[in-house]
Amino acid sequence: MAIKITGIKKARRALNKVKHQMPEASEQFVFAALTGIEQHTVPYVPVDTSNLVNSRHVTSSTEGTRVTGTLSYGGTVRRDKHIGARVAYARYVHDGPQRNWQKPGASNKFLAKGVQDFIRDDLDDLIKAFSP
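Let us look at the structure shown here. (Residues numbered from 1 in each chain as written. Predicted model: local features only at pLDDT ≥ 70, side-chain atom pairs only at ≥ 80, totals over all residues. Heavy atoms only, no water.)

### Points about the packing of helix α5 (residues 110-121) against helix α6 (residues 123-130)
Item 1. Running from N to C, α5 and α6 point in directions that differ by 60°, and their axes come no closer than 4 Å. Between α5 and α6, the angle falls in the class oblique. In contact with F118, I119 and D121 of α5, α6 contributes L123, D125 and L126.
Item 2. Looking at the contact of α5 with α6 residue by residue, the classes come out as four nonpolar, no polar and two charged. (Axes fitted to C-alpha atoms, helices over the stretch in contact; angles between N-to-C directions. Helix = DSSP H or I, 4+ residues; strand = E, 2+ residues; numbered from the N terminus. Parallel < 35°, antiparallel > 145°, perpendicular 65-115°, else oblique. Contact = heavy atoms within 4.5 Å. Nonpolar A, V, L, I, M, F, W, Y, C, P; charged D, E, K, R; others polar.)

### Examining the nonpolar core
Item 1. In terms of nonpolar packing, the biggest core is built from 24 residues, with L52, Y73 and F118 touching the most fellow members.
Item 2. Breaking this core down by element, the ones donating at least two residues are α1 (8-19), α2 (23-41), α3 (51-54), β2 (66-72), α4 (90-95), α5 and α6.
Item 3. With five residues, α2 is the largest single contributor of residues to this core.
Item 4. Every residue in contact with F118, bar those within four places of it in the chain, is listed here: A33, G36, I37, H40, L123 and L126. (Core = buried A, V, L, I, M, F, W, Y, C linked by side-chain atoms within 4.5 Å. Buried < 20%, exposed > 50% of the residue type's maximum accessible area, 1.4 Å probe, protein only.)

### A look at the environment of Q39
Item 1. Here Q39 is to be found in helix α2.
Item 2. Given a relative accessible area of 55%, Q39 falls into the exposed group.
Item 3. Along the backbone, Q39 and D117 are 78 residues apart, and their C-alpha atoms lie at a distance of 9.8 Å.

### Brief notes about the pattern of salt bridges
Item 1. A full pass over the atoms with the stated rule returns four salt bridges.
Item 2. One salt bridge in this structure joins R56 and E38, with 2.8 Å as the shortest N-O distance. On the criterion of sequence distance, the pair formed by R56 in the loop between α3 and β1 (57-63) and E38 in helix α2 is long-range, its members being 18 residues apart.
Item 3. Classification of R56 as partly exposed rests on a relative accessible area of 29%.
Item 4. A salt bridge links D95 to R91; its shortest N-O distance comes to 3.5 Å. Highlighted residues: D95 and R91, both in helix α4, separated by four residues, approximately one helical turn.
Item 5. Of the residues examined, D95 reaches a relative accessible area of 31% and is grouped as partly exposed.
Item 6. Looking at R91, the relative accessible area reads 61%, which means it is exposed. (Salt bridge = Lys/Arg side-chain N within 4 Å of Asp/Glu carboxyl O.)

### Notes on the environment of A14
Item 1. Assignment of secondary structure puts A14 in helix α1.
Item 2. Taking relative accessible area as the criterion, A14 reaches 10% and is therefore assigned buried.
Item 3. Once you skip the residues sitting within four places of it in the chain, A14 turns out to touch F29 and I127.

This is the structure we're talking about:
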């Protein structure tokens, strides 16, 4: 199953401009982009027990000139410093068929839709914020 997301090349070009200037700024750019995507995914995440929406996790790191980042759903839910339920079904909810979710606006493909919304609504402003 393939999902087409447009705007990634534009983000990559912007990141390449920044990473040659300052590796720290590149990691900040990646983290800011992933945090922005995260904000756009939350409205689409189906909610029953809230374990799925609370399982989201954003990381970024720099090793030499390589900057990586991850936005993930699933894994272990952390609540008030206590480890909660393990959310192994995130992929099945995301990749599965659309259902009549309890939460209005919830959808399968929540991560893909959040990426598309971020690119449409916020990517240009983020690029401008990190441009010299």
